[in-house]
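Each chain, written out:
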Amino acid sequence: MHAGQVPDPSTGAVITPIYQTSTYVQDALGEHKGFEYARTQNPTRSALEGNLAAIEGGKAAFAFASGMAAEGAVMTLLQAGDHVVVTDNTYGGTYRLFERVLRKYQFDFTYVDTSDLEATRAAFRPTTKMLFVETPTNPVLRLTDLAAVCEIAHSKGAFVVVDNTFASPYVQRPIEFGADIVVHSTTKFLNGHSDSVGGAAIAVREDHIEWLKFVQNAEGAILGPMDAWLVLRGTKTLPLRMERHNANAQILAEYLERHPKVTRVYYPGLPSHPQHELARRQMRGFGGIISFELGSFENARRFLNGVELMALAESLGGVETLISHPASMTHASVPPERRAQIGITEDMVRVSVGIEDADDLLADLSQALDRI
Ligand SMILES: Cc1ncc(COP(=O)(O)O)c(C=O)c1O
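A brief structural summary. The structure presented is a predicted model; accordingly, all values stated were derived computationally and were not measured.

1. Re helix H7 (residues 225–236)
- When the terminal C-alpha atoms of H7 are compared, their 17 Å separation across twelve residues agrees well with the 16 Å that a helix rising 1.5 Å per residue should span.
- When we look at burial in H7, the residues that qualify are Pro225, Ala228, Leu230, Val231, Leu232, Gly234 and Thr235.
- Check the buried side of H7 and you find it contacts helix H1 (43–56) and helix H8 (238–258).

2. Brief notes about the site of the ligand
- As a structural note, the neighbourhood of the ligand is formed by Ser66, Gly67, Met68, Glu71, Tyr91, Glu134, Asp163, Thr165, Ser185, Thr187, Lys188 and Gly198.
- Within the backbone of methionine 68, an N or O atom sits 2.9 Å from an oxygen atom of the ligand.
- Here an oxygen atom of the ligand sits 2.8 Å away from a polar atom, N or O, in the side chain of threonine 187.
- Burial of the ligand by the protein amounts to 90% of the accessible area it has alone, namely 390 Å².
- With respect to the detected pockets, the ligand is housed in the largest pocket.

3. Remarks on the environment of valine 84
- Tracing the sequence through the fold places valine 84 in strand S2 (residues 83–87).
- C-alpha separation for the pair valine 84 and phenylalanine 132, spaced 48 residues apart in sequence, amounts to 7.0 Å.

4. Some points on the environment of alanine 363
- By the secondary structure assignment, alanine 363 is in helix H12 (residues 358–369).
- For the pair formed by alanine 363 and proline 326, sequence separation is 37 residues and the distance between their alpha carbons is 23 Å.

5. A word on the pattern of salt bridges
- Inspection of every chain in the model, using the stated rule, returns 16 salt bridges.
- Between glutamate 298 and arginine 302 there is a salt bridge whose closest N-O contact spans 3.4 Å. With glutamate 298 and arginine 302 both in helix H10 (residues 297–306) and four residues apart, the pair spans about one turn of that helix.
- By relative accessible area, glutamate 298 is classed as partly exposed at 31%.
- For the salt bridge of glutamate 346 with arginine 339, the shortest nitrogen-to-oxygen distance reads 4.0 Å.
- You can call arginine 339 buried: its relative accessible area is 10%.

6. Let's talk about the layout of surface pockets
- Approximately 300 Å³ is the volume found for the largest pocket.
- Along the walls of the largest pocket sit 20 residues, with Met68, Tyr91, Thr165, Ser185 and Lys188 positioned nearest its centre.
- Those elements that place two or more of their residues in the lining of the largest pocket are helix H2 (67–75) and strand S6 (181–185).
- Considered class by class, the residues forming the lining of the largest pocket number five nonpolar, nine polar and six charged.

Criteria and cut-off values
- Residues numbered from 1 in each chain as written.
- Predicted model: local features only at pLDDT ≥ 70, side-chain atom pairs only at ≥ 80, totals over all residues.
- Heavy atoms only, no water.
- Helix = DSSP H or I, 4+ residues; strand = E, 2+ residues; numbered from the N terminus.
- Expected span 1.5 Å × (residues − 1).
- Buried < 20%, exposed > 50% of the residue type's maximum accessible area, 1.4 Å probe, protein only.
- Contact = heavy atoms within 4.5 Å.
- Near = heavy atom within 4 Å.
- Polar contact = N/O pair within 3.5 Å; in protein donor to acceptor, adjacent residues only side chain to side chain.
- Areas by Shrake-Rupley, 256 points an atom, 1.4 Å probe, with all protein chains shown as cover.
- 1 Å grid on protein atoms, 1.4 Å probe; cavity = no way out; pocket = protein on both sides within 12 Å on 5 of 7 lines; lining within 4 Å.
- Sits in = over half its atoms within 2 Å of the grid points.
- Salt bridge = Lys/Arg side-chain N within 4 Å of Asp/Glu carboxyl O.
- Points joined across faces, edges and corners; volume = space filled by probe spheres on them.
- Nonpolar A, V, L, I, M, F, W, Y, C, P; charged D, E, K, R; others polar.

Spelled out as C-alpha coordinates, the structure:
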(Lines give C-alpha, C1' and ligand atoms only; values in the text may rest on other atoms or scores of the structure.)
Protein backbone atom coordinates (compact mmCIF):
# COMPACT_ATOMS: atom_id res chain seq x y z
CA MET A 1 0.00 0.00 0.00
CA HIS A 2 2.71 2.47 0.96
CA ALA A 3 5.96 1.45 -0.77
CA GLY A 4 7.35 4.02 -3.19
CA GLN A 5 4.97 6.75 -2.05
CA VAL A 6 5.28 9.73 0.27
CA PRO A 7 2.65 12.44 0.77
CA ASP A 8 3.13 15.04 -1.97
CA PRO A 9 5.86 17.43 -0.70
CA SER A 10 4.22 20.59 -2.09
CA THR A 11 0.66 20.06 -0.73
CA GLY A 12 0.67 17.05 1.57
CA ALA A 13 -1.76 15.21 -0.76
CA VAL A 14 -1.96 11.65 0.57
CA ILE A 15 -2.30 10.17 -2.89
CA THR A 16 0.61 10.68 -5.31
CA PRO A 17 -0.62 13.21 -7.90
CA ILE A 18 -0.67 12.58 -11.65
CA TYR A 19 2.28 14.76 -12.69
CA GLN A 20 0.96 15.47 -16.18
CA THR A 21 3.91 17.49 -17.37
CA SER A 22 6.51 17.07 -20.08
CA THR A 23 9.19 19.23 -18.48
CA TYR A 24 10.31 20.94 -15.23
CA VAL A 25 11.49 24.48 -14.59
CA GLN A 26 15.15 24.78 -13.59
CA ASP A 27 16.19 27.13 -10.76
CA ALA A 28 19.28 28.31 -12.62
CA LEU A 29 21.53 26.99 -15.33
CA GLY A 30 22.63 23.54 -14.19
CA GLU A 31 20.46 23.65 -11.01
CA HIS A 32 17.29 21.55 -10.83
CA LYS A 33 15.37 19.29 -8.45
CA GLY A 34 16.40 16.03 -10.12
CA PHE A 35 13.71 16.33 -12.81
CA GLU A 36 14.63 17.67 -16.26
CA TYR A 37 12.43 16.01 -18.88
CA ALA A 38 9.51 13.63 -18.39
CA ARG A 39 10.73 10.80 -20.63
CA THR A 40 13.67 10.47 -18.24
CA GLN A 41 11.93 11.14 -14.88
CA ASN A 42 8.34 11.54 -13.75
CA PRO A 43 7.36 11.52 -10.05
CA THR A 44 4.16 9.48 -10.59
CA ARG A 45 6.08 6.87 -12.55
CA SER A 46 8.88 6.84 -9.94
CA ALA A 47 6.34 6.18 -7.18
CA LEU A 48 4.93 3.22 -9.12
CA GLU A 49 8.41 1.90 -9.86
CA GLY A 50 9.34 2.03 -6.16
CA ASN A 51 6.11 0.25 -5.33
CA LEU A 52 6.60 -2.54 -7.90
CA ALA A 53 10.23 -3.12 -6.87
CA ALA A 54 9.06 -3.59 -3.27
CA ILE A 55 6.18 -5.95 -3.98
CA GLU A 56 8.28 -8.20 -6.23
CA GLY A 57 11.22 -8.18 -3.79
CA GLY A 58 13.50 -6.54 -6.41
CA LYS A 59 15.96 -3.66 -6.15
CA ALA A 60 14.56 -1.44 -8.92
CA ALA A 61 11.62 -1.39 -11.32
CA PHE A 62 11.06 0.29 -14.67
CA ALA A 63 7.59 1.01 -16.04
CA PHE A 64 6.88 0.80 -19.76
CA ALA A 65 4.06 1.60 -22.17
CA SER A 66 2.93 -2.05 -22.31
CA GLY A 67 3.98 -5.53 -21.25
CA MET A 68 5.47 -6.03 -24.71
CA ALA A 69 7.48 -2.78 -24.42
CA ALA A 70 8.88 -4.05 -21.09
CA GLU A 71 9.85 -7.37 -22.71
CA GLY A 72 11.37 -5.53 -25.69
CA ALA A 73 13.52 -3.44 -23.34
CA VAL A 74 14.65 -6.51 -21.37
CA MET A 75 15.70 -8.24 -24.59
CA THR A 76 18.13 -5.36 -25.33
CA LEU A 77 20.30 -6.84 -22.55
CA LEU A 78 21.29 -9.35 -25.26
CA GLN A 79 23.16 -8.94 -28.50
CA ALA A 80 23.36 -10.58 -31.93
CA GLY A 81 24.41 -14.23 -31.69
CA ASP A 82 22.98 -14.74 -28.20
CA HIS A 83 20.68 -17.70 -27.61
CA VAL A 84 17.61 -17.79 -25.35
CA VAL A 85 15.81 -20.82 -23.89
CA VAL A 86 12.07 -20.04 -23.70
CA THR A 87 9.04 -21.75 -22.13
CA ASP A 88 7.28 -23.35 -25.09
CA ASN A 89 3.73 -22.18 -24.39
CA THR A 90 4.51 -18.61 -23.56
CA TYR A 91 2.09 -15.75 -24.36
CA GLY A 92 1.52 -15.49 -28.15
CA GLY A 93 2.78 -11.89 -28.29
CA THR A 94 6.07 -12.93 -26.68
CA TYR A 95 6.50 -15.64 -29.33
CA ARG A 96 5.72 -13.07 -32.05
CA LEU A 97 8.26 -10.57 -30.64
CA PHE A 98 10.97 -13.23 -30.50
CA GLU A 99 10.25 -14.91 -33.85
CA ARG A 100 9.11 -12.02 -36.07
CA VAL A 101 11.17 -9.14 -34.69
CA LEU A 102 14.23 -10.32 -32.77
CA ARG A 103 15.27 -13.10 -35.15
CA LYS A 104 15.91 -10.28 -37.67
CA TYR A 105 18.71 -9.16 -35.33
CA GLN A 106 20.33 -12.63 -35.14
CA PHE A 107 18.90 -13.58 -31.76
CA ASP A 108 18.26 -17.31 -31.50
CA PHE A 109 15.50 -19.03 -29.51
CA THR A 110 14.81 -22.61 -28.42
CA TYR A 111 11.29 -23.33 -27.10
CA VAL A 112 11.16 -26.06 -24.51
CA ASP A 113 8.74 -27.46 -21.96
CA THR A 114 10.38 -25.84 -18.92
CA SER A 115 8.34 -28.07 -16.61
CA ASP A 116 10.69 -30.84 -17.84
CA LEU A 117 13.98 -30.12 -16.06
CA GLU A 118 16.06 -32.52 -18.16
CA ALA A 119 14.74 -31.06 -21.42
CA THR A 120 15.41 -27.57 -20.09
CA ARG A 121 19.00 -28.44 -19.13
CA ALA A 122 19.57 -30.04 -22.55
CA ALA A 123 18.38 -26.93 -24.40
CA PHE A 124 21.27 -24.79 -23.15
CA ARG A 125 24.18 -24.07 -25.51
CA PRO A 126 27.47 -22.26 -24.99
CA THR A 127 25.81 -19.12 -26.44
CA THR A 128 22.74 -19.26 -24.14
CA LYS A 129 22.57 -16.01 -22.19
CA MET A 130 18.96 -16.02 -20.95
CA LEU A 131 16.23 -18.37 -19.77
CA PHE A 132 12.79 -16.80 -20.31
CA VAL A 133 10.07 -18.51 -18.27
CA GLU A 134 6.34 -18.04 -17.98
CA THR A 135 4.58 -19.86 -15.12
CA PRO A 136 1.72 -20.62 -14.97
CA THR A 137 1.50 -20.62 -18.76
CA ASN A 138 -1.24 -19.17 -20.85
CA PRO A 139 -3.66 -20.85 -21.42
CA VAL A 140 -2.86 -24.44 -20.34
CA LEU A 141 -1.61 -23.41 -16.86
CA ARG A 142 1.47 -25.55 -16.87
CA LEU A 143 3.95 -24.71 -14.10
CA THR A 144 7.71 -24.46 -14.04
CA ASP A 145 9.68 -25.20 -10.88
CA LEU A 146 11.31 -21.79 -10.52
CA ALA A 147 13.97 -22.71 -7.95
CA ALA A 148 15.08 -25.70 -10.08
CA VAL A 149 15.31 -23.87 -13.43
CA CYS A 150 17.06 -20.87 -11.86
CA GLU A 151 19.71 -23.23 -10.53
CA ILE A 152 20.13 -24.84 -13.97
CA ALA A 153 20.38 -21.48 -15.78
CA HIS A 154 22.81 -19.99 -13.29
CA SER A 155 25.02 -23.10 -13.44
CA LYS A 156 25.19 -22.52 -17.21
CA GLY A 157 26.06 -18.83 -16.82
CA ALA A 158 22.67 -17.55 -18.02
CA PHE A 159 20.28 -15.18 -16.25
CA VAL A 160 16.58 -15.82 -15.70
CA VAL A 161 13.63 -13.66 -16.73
CA VAL A 162 10.17 -14.64 -15.46
CA ASP A 163 6.92 -13.30 -16.88
CA ASN A 164 4.85 -13.13 -13.67
CA THR A 165 1.76 -11.57 -15.26
CA PHE A 166 -0.53 -14.57 -14.71
CA ALA A 167 0.23 -15.09 -11.03
CA SER A 168 0.87 -11.49 -9.82
CA PRO A 169 3.37 -10.84 -7.02
CA TYR A 170 0.73 -11.62 -4.39
CA VAL A 171 0.52 -15.23 -5.59
CA GLN A 172 4.15 -15.82 -6.62
CA ARG A 173 7.43 -13.93 -6.23
CA PRO A 174 10.02 -15.33 -8.68
CA ILE A 175 12.95 -13.32 -7.29
CA GLU A 176 12.61 -15.28 -4.02
CA PHE A 177 13.27 -18.45 -6.07
CA GLY A 178 16.36 -17.00 -7.75
CA ALA A 179 15.01 -15.12 -10.81
CA ASP A 180 17.09 -12.14 -11.96
CA ILE A 181 14.35 -10.15 -13.70
CA VAL A 182 10.56 -10.22 -13.47
CA VAL A 183 8.43 -8.78 -16.27
CA HIS A 184 4.76 -7.89 -16.10
CA SER A 185 1.96 -6.78 -18.27
CA THR A 186 0.60 -4.34 -15.64
CA THR A 187 -2.49 -4.28 -17.86
CA LYS A 188 -3.61 -7.42 -15.99
CA PHE A 189 -3.80 -8.12 -12.22
CA LEU A 190 -1.50 -5.27 -11.12
CA ASN A 191 -3.80 -2.60 -12.55
CA GLY A 192 -6.75 -4.92 -12.06
CA HIS A 193 -9.52 -2.71 -13.43
CA SER A 194 -9.18 -3.16 -17.22
CA ASP A 195 -8.58 0.56 -17.74
CA SER A 196 -4.85 0.84 -18.49
CA VAL A 197 -2.22 -0.77 -20.73
CA GLY A 198 1.28 -0.93 -19.26
CA GLY A 199 4.29 -3.05 -18.44
CA ALA A 200 7.16 -3.31 -16.00
CA ALA A 201 10.55 -4.93 -15.52
CA ILE A 202 11.87 -5.52 -12.00
CA ALA A 203 15.55 -6.31 -11.54
CA VAL A 204 18.06 -7.17 -8.83
CA ARG A 205 21.48 -7.14 -10.53
CA GLU A 206 23.27 -3.77 -10.70
CA ASP A 207 24.36 -4.28 -14.34
CA HIS A 208 20.76 -5.07 -15.35
CA ILE A 209 19.42 -2.08 -13.40
CA GLU A 210 21.91 0.30 -14.99
CA TRP A 211 21.11 -0.91 -18.51
CA LEU A 212 17.32 -0.95 -18.06
CA LYS A 213 17.38 2.60 -16.68
CA PHE A 214 19.45 3.68 -19.68
CA VAL A 215 17.34 1.90 -22.29
CA GLN A 216 14.02 3.06 -20.79
CA ASN A 217 15.14 6.61 -21.55
CA ALA A 218 17.07 5.81 -24.74
CA GLU A 219 14.21 3.93 -26.46
CA GLY A 220 11.57 5.97 -24.64
CA ALA A 221 8.70 3.44 -24.39
CA ILE A 222 7.74 4.84 -20.96
CA LEU A 223 4.49 4.48 -19.05
CA GLY A 224 2.60 7.80 -18.98
CA PRO A 225 1.72 9.46 -15.64
CA MET A 226 -2.03 8.76 -15.85
CA ASP A 227 -1.41 5.04 -16.39
CA ALA A 228 1.27 4.97 -13.67
CA TRP A 229 -1.31 6.46 -11.28
CA LEU A 230 -3.94 3.87 -12.27
CA VAL A 231 -1.56 0.96 -11.67
CA LEU A 232 -0.46 2.48 -8.35
CA ARG A 233 -4.09 2.64 -7.31
CA GLY A 234 -4.49 -0.99 -8.42
CA THR A 235 -1.60 -2.35 -6.37
CA LYS A 236 -3.12 -0.92 -3.15
CA THR A 237 -5.90 -3.53 -3.35
CA LEU A 238 -3.90 -6.33 -5.00
CA PRO A 239 -3.95 -8.68 -1.94
CA LEU A 240 -7.71 -8.26 -1.44
CA ARG A 241 -8.46 -8.77 -5.11
CA MET A 242 -6.14 -11.77 -5.46
CA GLU A 243 -7.68 -13.50 -2.44
CA ARG A 244 -11.07 -13.17 -4.10
CA HIS A 245 -9.79 -14.15 -7.58
CA ASN A 246 -8.19 -17.25 -5.99
CA ALA A 247 -11.32 -18.18 -4.04
CA ASN A 248 -13.74 -17.66 -6.94
CA ALA A 249 -11.52 -19.54 -9.40
CA GLN A 250 -11.28 -22.51 -7.03
CA ILE A 251 -15.10 -22.65 -6.72
CA LEU A 252 -15.61 -22.41 -10.49
CA ALA A 253 -12.87 -24.95 -11.30
CA GLU A 254 -14.40 -27.51 -8.91
CA TYR A 255 -17.84 -26.91 -10.45
CA LEU A 256 -16.51 -27.29 -14.01
CA GLU A 257 -14.61 -30.48 -13.13
CA ARG A 258 -17.89 -32.06 -11.94
CA HIS A 259 -19.96 -30.89 -14.95
CA PRO A 260 -20.70 -33.69 -17.48
CA LYS A 261 -20.34 -31.39 -20.53
CA VAL A 262 -16.82 -30.32 -19.58
CA THR A 263 -14.23 -32.79 -20.86
CA ARG A 264 -11.14 -31.36 -19.12
CA VAL A 265 -10.28 -28.58 -16.67
CA TYR A 266 -6.89 -26.93 -16.24
CA TYR A 267 -6.43 -25.22 -12.86
CA PRO A 268 -3.42 -25.60 -10.53
CA GLY A 269 -5.72 -25.56 -7.48
CA LEU A 270 -7.33 -28.89 -8.44
CA PRO A 271 -5.69 -32.04 -7.02
CA SER A 272 -6.11 -33.47 -10.55
CA HIS A 273 -3.65 -30.87 -11.91
CA PRO A 274 -0.40 -32.79 -12.54
CA GLN A 275 1.63 -30.10 -10.76
CA HIS A 276 -0.72 -29.39 -7.86
CA GLU A 277 2.05 -30.12 -5.32
CA LEU A 278 4.46 -27.70 -7.01
CA ALA A 279 1.69 -25.08 -7.07
CA ARG A 280 1.25 -25.48 -3.31
CA ARG A 281 5.00 -24.96 -2.78
CA GLN A 282 5.52 -22.08 -5.17
CA MET A 283 2.28 -20.11 -5.16
CA ARG A 284 0.05 -18.50 -2.51
CA GLY A 285 -3.34 -19.60 -3.78
CA PHE A 286 -3.64 -20.76 -7.37
CA GLY A 287 -4.52 -17.62 -9.33
CA GLY A 288 -7.58 -16.40 -11.15
CA ILE A 289 -7.29 -18.17 -14.52
CA ILE A 290 -9.00 -21.42 -15.51
CA SER A 291 -9.03 -23.14 -18.91
CA PHE A 292 -11.33 -25.96 -19.90
CA GLU A 293 -12.40 -28.01 -22.90
CA LEU A 294 -15.90 -28.60 -24.20
CA GLY A 295 -15.46 -31.47 -26.66
CA SER A 296 -15.75 -29.55 -29.95
CA PHE A 297 -15.33 -26.10 -31.46
CA GLU A 298 -19.09 -25.91 -31.98
CA ASN A 299 -19.70 -26.52 -28.25
CA ALA A 300 -17.15 -23.83 -27.35
CA ARG A 301 -18.78 -21.39 -29.80
CA ARG A 302 -22.26 -21.97 -28.37
CA PHE A 303 -21.02 -21.65 -24.81
CA LEU A 304 -19.04 -18.45 -25.49
CA ASN A 305 -22.00 -16.87 -27.29
CA GLY A 306 -24.26 -17.94 -24.43
CA VAL A 307 -22.57 -16.26 -21.43
CA GLU A 308 -24.45 -13.24 -20.10
CA LEU A 309 -22.56 -11.89 -17.08
CA MET A 310 -19.08 -12.86 -18.24
CA ALA A 311 -17.66 -10.64 -20.99
CA LEU A 312 -16.33 -12.24 -24.18
CA ALA A 313 -13.02 -10.35 -24.42
CA GLU A 314 -9.26 -10.72 -24.67
CA SER A 315 -7.11 -9.81 -21.67
CA LEU A 316 -7.36 -10.96 -18.06
CA GLY A 317 -6.81 -9.89 -14.49
CA GLY A 318 -9.63 -7.35 -14.17
CA VAL A 319 -12.24 -7.26 -11.40
CA GLU A 320 -14.83 -8.43 -13.91
CA THR A 321 -14.86 -11.94 -15.35
CA LEU A 322 -13.58 -12.16 -18.92
CA ILE A 323 -13.93 -15.22 -21.11
CA SER A 324 -12.11 -16.04 -24.33
CA HIS A 325 -11.27 -18.60 -27.01
CA PRO A 326 -7.43 -18.81 -27.01
CA ALA A 327 -7.09 -20.49 -30.45
CA SER A 328 -8.84 -17.64 -32.30
CA MET A 329 -8.20 -14.74 -29.93
CA THR A 330 -5.05 -14.46 -27.73
CA HIS A 331 -3.12 -17.16 -29.61
CA ALA A 332 -4.27 -16.44 -33.17
CA SER A 333 -0.71 -15.26 -34.01
CA VAL A 334 0.70 -18.70 -33.11
CA PRO A 335 0.72 -21.07 -36.14
CA PRO A 336 -1.89 -23.90 -35.88
CA GLU A 337 0.77 -26.68 -35.77
CA ARG A 338 2.47 -24.98 -32.80
CA ARG A 339 -0.87 -24.42 -31.08
CA ALA A 340 -1.55 -28.15 -31.38
CA GLN A 341 1.92 -29.00 -30.02
CA ILE A 342 1.41 -26.90 -26.89
CA GLY A 343 -2.11 -28.16 -26.27
CA ILE A 344 -4.24 -25.20 -27.34
CA THR A 345 -7.22 -27.02 -28.77
CA GLU A 346 -10.16 -25.63 -30.79
CA ASP A 347 -12.59 -26.53 -27.99
CA MET A 348 -10.64 -24.73 -25.26
CA VAL A 349 -12.14 -21.82 -23.34
CA ARG A 350 -10.21 -19.61 -20.91
CA VAL A 351 -11.81 -17.72 -18.04
CA SER A 352 -10.21 -14.87 -16.13
CA VAL A 353 -12.32 -15.17 -13.01
CA GLY A 354 -13.29 -11.80 -11.54
CA ILE A 355 -14.29 -10.78 -8.03
CA GLU A 356 -18.06 -10.89 -8.53
CA ASP A 357 -20.32 -12.96 -6.26
CA ALA A 358 -19.38 -16.61 -6.93
CA ASP A 359 -23.06 -17.65 -7.11
CA ASP A 360 -23.68 -15.20 -9.96
CA LEU A 361 -20.70 -16.63 -11.85
CA LEU A 362 -21.84 -20.22 -11.27
CA ALA A 363 -25.34 -19.34 -12.50
CA ASP A 364 -23.90 -17.85 -15.69
CA LEU A 365 -21.67 -20.88 -16.33
CA SER A 366 -24.60 -23.19 -15.73
CA GLN A 367 -27.01 -21.44 -18.12
CA ALA A 368 -24.33 -21.15 -20.86
CA LEU A 369 -23.43 -24.86 -20.50
CA ASP A 370 -27.14 -25.70 -20.88
CA ARG A 371 -27.00 -24.26 -24.41
CA ILE A 372 -24.57 -26.93 -25.61
C1 LIG B 1 1.57 -13.39 -19.88
C2 LIG B 1 1.58 -12.12 -20.67
N3 LIG B 1 2.75 -11.48 -20.88
C4 LIG B 1 2.81 -10.34 -21.59
C5 LIG B 1 1.69 -9.78 -22.16
C6 LIG B 1 1.82 -8.53 -22.98
O7 LIG B 1 1.32 -7.42 -22.28
P8 LIG B 1 0.66 -6.13 -22.96
O9 LIG B 1 -0.60 -6.56 -23.62
O10 LIG B 1 0.46 -5.20 -21.79
O11 LIG B 1 1.67 -5.61 -23.94
C12 LIG B 1 0.46 -10.40 -21.96
C13 LIG B 1 -0.76 -9.82 -22.57
O14 LIG B 1 -1.78 -10.43 -22.69
C15 LIG B 1 0.39 -11.60 -21.20
O16 LIG B 1 -0.77 -12.25 -20.99
